[in-house]
Amino acid sequence: MDSTKETSNTYKEDLLLRMGLNDNKAGMEGLDKEKINKIIMGATKGSRFYGNELKKEKQVNQRIENMMQQKARITSQQLREAQLQVDRFAMELEHCRDLSNTIVHVDMDAFYAAVEMRDNPELKDKPIAVGSMSMLSTSNYHARRFGVRAAMPGFIAKRLCPHLIIVPLNFDKYRVVSKQVGICLAPTSICSWVSCRIRSQLQMPRHNWPEERRRYFIKTGNSAENDEPGKEVNNLSEYELSASPLLFEDSPPDLQPPGNPSQVNCKEQNKLQIPQKSVVFGTSAEEVVKEIRFRIEQKTTLTASAGIAPNTMLAKVCSDKNKPNGQYQILPSRQAVMEFIKDLPIRKISGIGKVTEKMLKALGIITCAELYQQRALLSLLFSETSWHYFLHISLGLGSTHLARGNLQVEG
DNA sequence: GCTAGAAGGACCC
DNA sequence: AACCAGGGTCCTTCTAGC
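Thresholds, definitions, all that
Residues numbered from 1 in each chain as written. Chains lettered and ligands numbered in written order. Predicted model: local features only at pLDDT ≥ 70, side-chain atom pairs only at ≥ 80, totals over all residues. Heavy atoms only, no water. UniProt positions renumbered as here; feature names shortened; annotations may be inferred. Domains from an automatic or database assignment. Contact = heavy atoms within 4.5 Å. Buried area = accessible area lost by both parts, 1.4 Å probe. Axes fitted to C-alpha atoms, helices over the stretch in contact; angles between N-to-C directions. Helix = DSSP H or I, 4+ residues; strand = E, 2+ residues; numbered from the N terminus. Parallel < 35°, antiparallel > 145°, perpendicular 65-115°, else oblique. Left-handed = near helix turned anticlockwise from the far one by under 90°. Nonpolar A, V, L, I, M, F, W, Y, C, P; charged D, E, K, R; others polar. Salt bridge = Lys/Arg side-chain N within 4 Å of Asp/Glu carboxyl O. Buried < 20%, exposed > 50% of the residue type's maximum accessible area, 1.4 Å probe, protein only. Pairing = 2+ DSSP bridges.

As recorded in an unreviewed UniProt entry, chain A goes by the name DNA polymerase kappa, listed as coming from Cavia porcellus. Looking at the Subcellular location (unreviewed entry) heading of the UniProt record, one finds this comment for chain A: "Nucleus". Looking at chain A in UniProt, the text filed under Catalytic activity (unreviewed entry) is "DNA(n) + a 2'-deoxyribonucleoside 5'-triphosphate = DNA(n+1) + diphosphate".

See the structure below:
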């Protein structure tokens, strides 16, 4: 085989991985990546940015080469010892596994773009992005179909989607909405964290309110003033009912759907319900989260997605699973966690970026199960902090508590 | 050699 | 026509001073 040719081919692939479309985002499945990458590379080639990326790519390749050399020097004796040590540690971690907390990760759908679409209905059915010609902060789902996404320069986005509308950033507006969302979270949780970018995690106590406190009267119209439970809101129309995901069914997580014994999976369709004037939410975690999302939508007319899991790491991954306007729960059992983790690509985990992804890929690791299989090797090749982190991930472990203190709104 | 602090990198949104 | 963020955390590596 022509080795020069092969090197240049892998090199090209490397660059595409670094500079090409990153479709690791909701709403970007099944795109014509090849076509999109061609346009991106055509627009970026020769720029200062391109030169810099080339340099960084070489550094990463060097790191990988060093790692592979180190790997080649490892003896089977060393590996056996490492295996014992790592497994001892894994057993300790397993012993301390805490499934008693319910962590919820709430994430607004295409937040900035959604706010702009809400405030300018003309944008509703058009591909839009928020930012400038030099940099985009986010895009709506129409635009994502063209490969337009956050952190992409606007001028490249325009090449991918010539009729893309770019709306300038309006932070003051997002701050206001972000505060409103915070208010929606507060009564159902013991603490939460809300940022301007709208991502928040909450830890839930058991939700044992009486039914009256869980009853909501459907609100209509744009004004979003009346969100107190139990207060009457008028003018219910079928239109508005269908525009809003209605969340009537009360299915506690222990009532599992057949065929999927360990997980409850729900992605609501905006189905037209029999007109009713009030909604009552149940007391299961799933229901509380539906309630939170309902409150957010009533208050802001924007949708949110959420993940429910026994720790923050998993909750975050879950929140992406049924995006937009959906939620997903991993039930608090070891089996459910391991089942979820098994085929999960490590890149989906917060903290594993493109460099770590590439280094681990060089060791044949793509999924969390593979990460677990290679645990002994990883302990010999990476720092203690890193391999501990990898081991936590591969066991589906994460932080089970959030920083104390009530609502923080960051701007 | 050791350590504290600075600098730099990876990653996140 | 030209145009590829900015602010944060956490970790690793470098370096100066002992």
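Further remarks concern the domain arrangement of chain A. Considered domain by domain, chain A is made up of domain 1 (3–56), domain 2 (59–99 + 340–394), domain 3 (103–109 + 172–331) and domain 4 (111–170). A C-alpha centroid distance of 26 Å is found between domain 1 and domain 2. With eight residues of domain 1 at the interface, the matching set in domain 2 holds eight residues. On the domain 1 side of the contact with domain 2, Leu17, Arg18 and Asn24 bury the most area, a combined 53% of that side's loss.

Interhelical geometry of helix H4 (residues 76–95) versus helix H17 (residues 384–394) gives an angle of 55° and a closest axis separation of 11 Å. The angle between the axes of H4 and H17 places the two elements in the oblique class. Taken as a pair, H4 and H17 cross one another with a handedness that is right-handed. For the pair H4 and H17, the contacting residues are Gln85, Val86, Phe89, Ala90 and Leu93 in the first and Trp387, His388, Leu391 and His392 in the second. Among the residues making up the contact of H4 with H17, the classes are represented as six nonpolar, three polar and no charged.

Turning next to the pattern of salt bridges. Counted by the stated rule, this structure contains 15 salt bridges. The shortest N-O distance in the salt bridge between Lys33 and Asp23 comes to 3.6 Å. You can see Lys33 sitting in helix H2 (residues 33–44) and its partner Asp23 sitting in the loop between helix H1 (3–19) and H2, a full 10 residues away along the chain. For Lys33, a relative accessible area of 33% corresponds to the partly exposed category. Overall, Asp23 belongs to the partly exposed group, its relative accessible area being 29%. The salt bridge involving Asp87 is made with Arg375; its shortest N-O contact spans 2.7 Å.

Quick look at unusual backbone geometry now. Between Lys323 and Pro324 the backbone carries a cis peptide bond, its omega angle lying at -10°. Along the chain, the position of Pro324 falls in the loop between helix H12 (312–321) and strand S11 (327–330). Even without being glycine, Ala110 reaches a positive phi, approximately 40°. By the secondary structure assignment, Ala110 is in the loop between strand S1 (103–108) and helix H5 (111–119). We classify Ala110 as buried; its relative accessible area is 9%. Of note, the phi angle at Ala151 is positive, near 70°, even though the residue is not glycine. Secondary-structure assignment places Ala151 in the loop between helix H6 (141–144) and helix H7 (154–160).

The side chains of a regular strand alternate between the sheet's two faces. Where burial is concerned, most of strand S6 (residues 199–203) is hidden: four out of the five residues are buried. Across five bridges, S1 lies against S6 in antiparallel orientation. Each residue of the ladder has a partner; that of Val104, found in S6, is Leu202.

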